[in-house]
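In case you want the letters, here they are:
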Amino acid sequence: MSPVAPSPSAPITDPDHIPVLLTEVIDGLAPKDGGLYVDGTFGAGGYTMALLQSADCTVWAIDRDPEALERGQELAKLFPGRLNFLQGRFGDLADLLIENDVRAVDGIALDLGISSMQVDDRSRGFSFLRDGPLDMRMEKSGMSAADAVNSLPESDLANIIYKYGEERFSRRVAHAIVMARKSRPFSRTIHLADTIRAEVKRSQDGIDPATRTFQALRIYVNDELGELERGLTGAEHLLAEHGRMAVVSFHSLEDRIVKSFIRDRSGRAPNPSRHVPAPTAGKPSATFSLVNNRAITPTKREIRDNPRARSARLRIAERTDHPALSSIQGGAA
Ligand SMILES: C[S@@+](CC[C@H](N)C(=O)[O-])C[C@H]1O[C@@H](n2cnc3c(N)ncnc32)[C@H](O)[C@@H]1O
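Residues numbered from 1 in each chain as written. Predicted model: local features only at pLDDT ≥ 70, side-chain atom pairs only at ≥ 80, totals over all residues. Heavy atoms only, no water.

### So, the domain arrangement of the chain
When the parts of a complex come together, some accessible area is lost, and that lost area is often taken as the interface size.
Then, number 1: Per the domain assignment, the segments making up the chain are domain 1 (22-116 + 224-319) and domain 2 (140-221).
Then, number 2: Measuring from the centre of the C-alpha atoms in domain 1 to the corresponding centre in domain 2 gives 30 Å.
Then, number 3: The partner domain 2 presents seven residues to the 10 residues of domain 1 that form the contact.
Then, number 4: The contact between domain 1 and domain 2 buries some 760 Å² in all, and 51% of this surface belongs to carbon and sulfur atoms.
Then, number 5: On the domain 1 side of the contact with domain 2, Glu 224, His 251 and Leu 253 bury the most area, a combined 53% of that side's loss.
Then, number 6: Counting across the domain 1 and domain 2 interface gives three salt bridges.
Then, number 7: Between Arg 256 and Glu 166 there is a salt bridge, and its shortest N-O distance comes to 3.7 Å.
Then, number 8: Across the domain 1-domain 2 interface, the total number found is four residue pairs in polar contact (both at pLDDT 80 or more).
Then, number 9: For the side of domain 1 that touches domain 2, a count of residues per class yields four nonpolar, three polar and three charged. (Domains from an automatic or database assignment. Contact = heavy atoms within 4.5 Å. Buried area = accessible area lost by both parts, 1.4 Å probe. Salt bridge = Lys/Arg side-chain N within 4 Å of Asp/Glu carboxyl O. Polar contact = N/O pair within 3.5 Å; in protein donor to acceptor, adjacent residues only side chain to side chain. Nonpolar A, V, L, I, M, F, W, Y, C, P; charged D, E, K, R; others polar.)

### Side note on the nonpolar core
Then, number 1: The biggest cluster of nonpolar side chains holds 60 residues, and the ones touching the most others in it are Leu 97, Ile 108, Leu 192 and Met 245.
Then, number 2: Here the element with the most residues in this core is helix 10 (residues 210-221); it accounts for six residues.
Then, number 3: Among the domains, domain 1 (22-116 + 224-319) and domain 2 (140-221) are the pair contributing at least three residues each to this core.
Then, number 4: With sequence-adjacent residues up to four places away left out, Leu 97 is seen in contact with Val 38, Trp 60, Ile 62, Leu 86, Val 102 and Leu 238.
Then, number 5: By size, the runner-up hydrophobic cluster in this structure holds 29 residues, among which are Leu 52, Cys 57, Val 59 and Leu 314. (Core = buried A, V, L, I, M, F, W, Y, C linked by side-chain atoms within 4.5 Å. Buried < 20%, exposed > 50% of the residue type's maximum accessible area, 1.4 Å probe, protein only. Helix = DSSP H or I, 4+ residues; strand = E, 2+ residues; numbered from the N terminus.)

### Regarding unusual backbone geometry
Then, number 1: The phi angle at Asp 101 is positive, at roughly 65°, despite the residue not being glycine.
Then, number 2: By the element assignment, Asp 101 lies in the loop between helix 4 (93-99) and strand 4 (105-111).
Then, number 3: One non-glycine residue with positive phi stands out, namely Asp 223, at about 45°.
Then, number 4: Within the fold, Asp 223 resides in the loop between helix 10 and helix 11 (224-238).
Then, number 5: Judged by relative accessible area, Asp 223 falls into the partly exposed class, the value being 33%.

So, in structure tokens, the structure goes:
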């Protein structure tokens, strides 16, 4: 059967969200008729729709945010029987799919972080520019950002802000938070943003001083880096031979994890010592091969049209026939 023709009138679930590096991701995954694909970060459905339009394939769409999947129902009607939703985390993707009797897929896309809809909705508490409850939970359950800033010891807060926000004034920010919460616990984004701004000056590049601490709290509350590590391992388990994984990251912490996972699994890890033979000699155990040597970045034009794309980096790898090297948490082996 021929691919479904792209329809300009087909709704993506939110017109304000422009998918990042869309052409490059779809070209990288090279969808084929009859193929099975996982969109691990459904969001507004931009990648899912493009996959479904590119070939007569089936997509399993995962998102941890229940609102994203609710909005996706309209899209499912356009592709009867070809789009399935799974609410959950991509860190559990192998188990989620195996529970649905899917044991191997031809491609997996991950577009990390949060969507424009999540940032723009002040009630979700992701934005330091709009006042809202200090929440930041993609799943709408578990520990909120307010819980974290009101309860964590100062040293833990400082470490989180340093590690996940790469904020050089992390100790100063953590101290100010702990002092401020004594008189008034944090419940609103603006209270936290103003507390940070009173401590850290705006840098010369004009970046709001609250940016790094908000990023840190979001990563911490949603365990984003742990999710990424588990998601990559899950992909290693679930991808069929020649199946491809395309991962779009937005900051160096994420890209470092993706880069080193692909480098290790493709037998390109640097030799730890020049005095001993390289452990990867012959590379018989590589589970992935590199599709692109360097990260793919957006064109100037894409950045002009969608500034959110400016820090995006795409890495693509293809599964070999070697069995997965590590086990996954839920035990699907
Ligand atoms: C950048 S948006 C994806 C946009 C999407 N590619 C599109 O074209 O519309 C990221 C989405 O992934 C979801 N997400 C982030 N981390 C996740 C995780 N660990 N598991 C499942 N969904 C996740 C977020 O809730 C958000 O909806």
